[in-house]
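# Structural description and commentary
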Amino acid sequence: MSITSNSTLTVGVVQQLAWPDKAKSLSASEEGIRSAVKKGAQLVLLQELHATHYFCQFEDPALFDLAEPLDGPTGQRLAALAKELDIVLVGSLFERRAPGLYHNTAVVYDRDKGRVGQYRKMHIPDDPGFYEKFYFTPGDHDSARGEGFTPIETSLGRLGVLVCWDQWYPEAARLMALAGADLLLYPTAIGWEPNDDNEEKNRQKDAWTVIQRAHGVANGLPVLVANRVGFEADHSGVGDGVQFWGGSFVCGPQGELLAHAGEETEQLVVKLDMARSENTRRIWPYLRDRRIDAYSDLTRRYRD
């Protein structure tokens, strides 16, 4: 169901530390969820791969043992929390879909309905310290099956859930908006390489914040972003580790920052006026003025 234009929605974003110990990481997730709900959150977003350390800093086949099926122990725990607290909860799993087939998957739990949908990360990076192509298969795209860039229906509205590297692609946000998403949500794991200088670190973090706020502007939608915090070592000893920069935020449909976290554990709770999306699109009617007859080359890798 779509959110009615006169409704408000209180959203929570959990920014946390994570460890190789799954029980410890999930306890931190639960603590953040409960704190956000105490402050009134009806919808709570967790960060990418919140149940473990960020293991993609190196390639090790043994780490596939961290993966679980959608309804494995982590999924069951998140579903139970959503039911107990009467919330919509967006969590993150290292999903074992089949032998040799694994995904980076955002999963949505709706109150007592349990799991109502999942989004398998579509854009998969492969950079020093972020070797995700070794671990994750890109998600399928099939709108008839609700796969790929398709919002997930919940009791609080249609959630346009994307994951981390997806946040750099305006096409992904636009397709979610065109399919009727009421919000864009980005669980994320991004940080600094410790040897970068401060100017480069600031450029990276500013770019990351700006582009996601721009997705809100371009589509007239609120945006929720949850990132992790803390230093996580490269346990292979090859790399220098990653300092995750936090900076989780909630912005409105004109990109206006409504809440912005620092670099420590934190929960953001914001009351959104959902009528603003409708009103913003009336004065900035980007969807109306799109030249869909002239965009066919967007399906090409490059125009040469």
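Higher on the page you've got the structure.
Below is a summary of the structure that appears in this document.

Procedures and definitions
- Residues numbered from 1 in each chain as written.
- Predicted model: local features only at pLDDT ≥ 70, side-chain atom pairs only at ≥ 80, totals over all residues.
- Heavy atoms only, no water.
- Helix = DSSP H or I, 4+ residues; strand = E, 2+ residues; numbered from the N terminus.
- Rg over C-alpha atoms; globule rule 2.2 N^0.38 Å.
- Buried < 20%, exposed > 50% of the residue type's maximum accessible area, 1.4 Å probe, protein only.
- Salt bridge = Lys/Arg side-chain N within 4 Å of Asp/Glu carboxyl O.
- Pairing = 2+ DSSP bridges.
- Axes fitted to C-alpha atoms, helices over the stretch in contact; angles between N-to-C directions.
- Arc of directions from axis to C-beta.
- Polar contact = N/O pair within 3.5 Å; in protein donor to acceptor, adjacent residues only side chain to side chain.
- Contact = heavy atoms within 4.5 Å.

### Quick notes on the overall build of the protein chain
- Summing up its helical and strand segments, the protein chain has 5 helices and 17 strands in all.
- Expected size for 304 residues packed as a compact globule is a radius of gyration near 19 Å; at 18 Å, the protein chain falls within 12% of this value.
- Considering only C-alpha atoms, the protein chain reaches an extent of 55 × 55 × 40 Å along its principal axes.
- The burial tally for the protein chain puts 53% of its 304 residues in the buried class.

### Description of the pattern of salt bridges
- This structure, assessed with the given rule, holds 22 salt bridges.
- Between Arg34 and Glu84 there is a salt bridge, and its shortest N-O distance comes to 2.9 Å. One end of the pair, Arg34, is in helix α1 (residues 22-38); the other, Glu84, is in helix α2 (residues 73-85), with 50 residues separating them in the sequence.
- Among the ionic pairs, Glu132 bridges to Lys121, the shortest N-O distance being 2.7 Å.

### Brief notes about unusual backbone geometry
- Positive phi, normally seen in glycine, also occurs at Arg111, with a value near 50°.
- Among the structural elements, Arg111 can be located in the loop between β4 (101-110) and β5 (115-120).
- Taking the relative accessible area as the measure of exposure, Arg111 reaches 22% and is therefore partly exposed.
- For Cys164, which is not a glycine, the phi torsion comes out positive at approximately 40°.
- Turning to its location among the elements, Cys164 is positioned in the loop between β9 (157-161) and α3 (170-178).
- Here Cys164 falls in the buried class, since its relative accessible area comes to 7%.

### With respect to the sheet that holds strand β12 (residues 223-226)
- The strand order across the open sheet built from 6 strands is β8-β9-β10-β12-β15-β16, with neighbouring strands paired in mixed fashion. Single-partner strands in this sheet number two, and they are β8 (152-154) and β16 (257-260). Direction aside, the axes of adjacent strands within the sheet are offset by 20° on average.
- Where β12 meets strand β15 (residues 249-251), 3 bridges bridge the pair, whose relative direction is antiparallel. By the bridge assignment, Val225 is partnered in β15 with Phe249.

### Examining α3
- Listing the buried residues of α3 in full gives Ala172, Ala173, Met176 and Ala177. Taken down its axis, α3 places every buried residue within 135° of arc, on the same side.

### Topic: the side chain of Asn227
- By the secondary structure assignment, Asn227 is in the loop between β12 and β13 (229-232).
- According to the relative accessible area criterion, Asn227 is buried, its value standing at 0%.
- A distance of 3.0 Å separates the side chain of Asn227 from the backbone nitrogen of Ile190, its partner in a polar contact.
- At 2.9 Å, the side chain of Asn227 and the backbone oxygen of Gly246 are in polar contact.
- The contact partners of Asn227, leaving out residues within four places of it in the chain, are Gln15, Gln16, Gln47, Thr188, Ala189, Ile190, Trp208, Trp245, Gly246 and Ser248.

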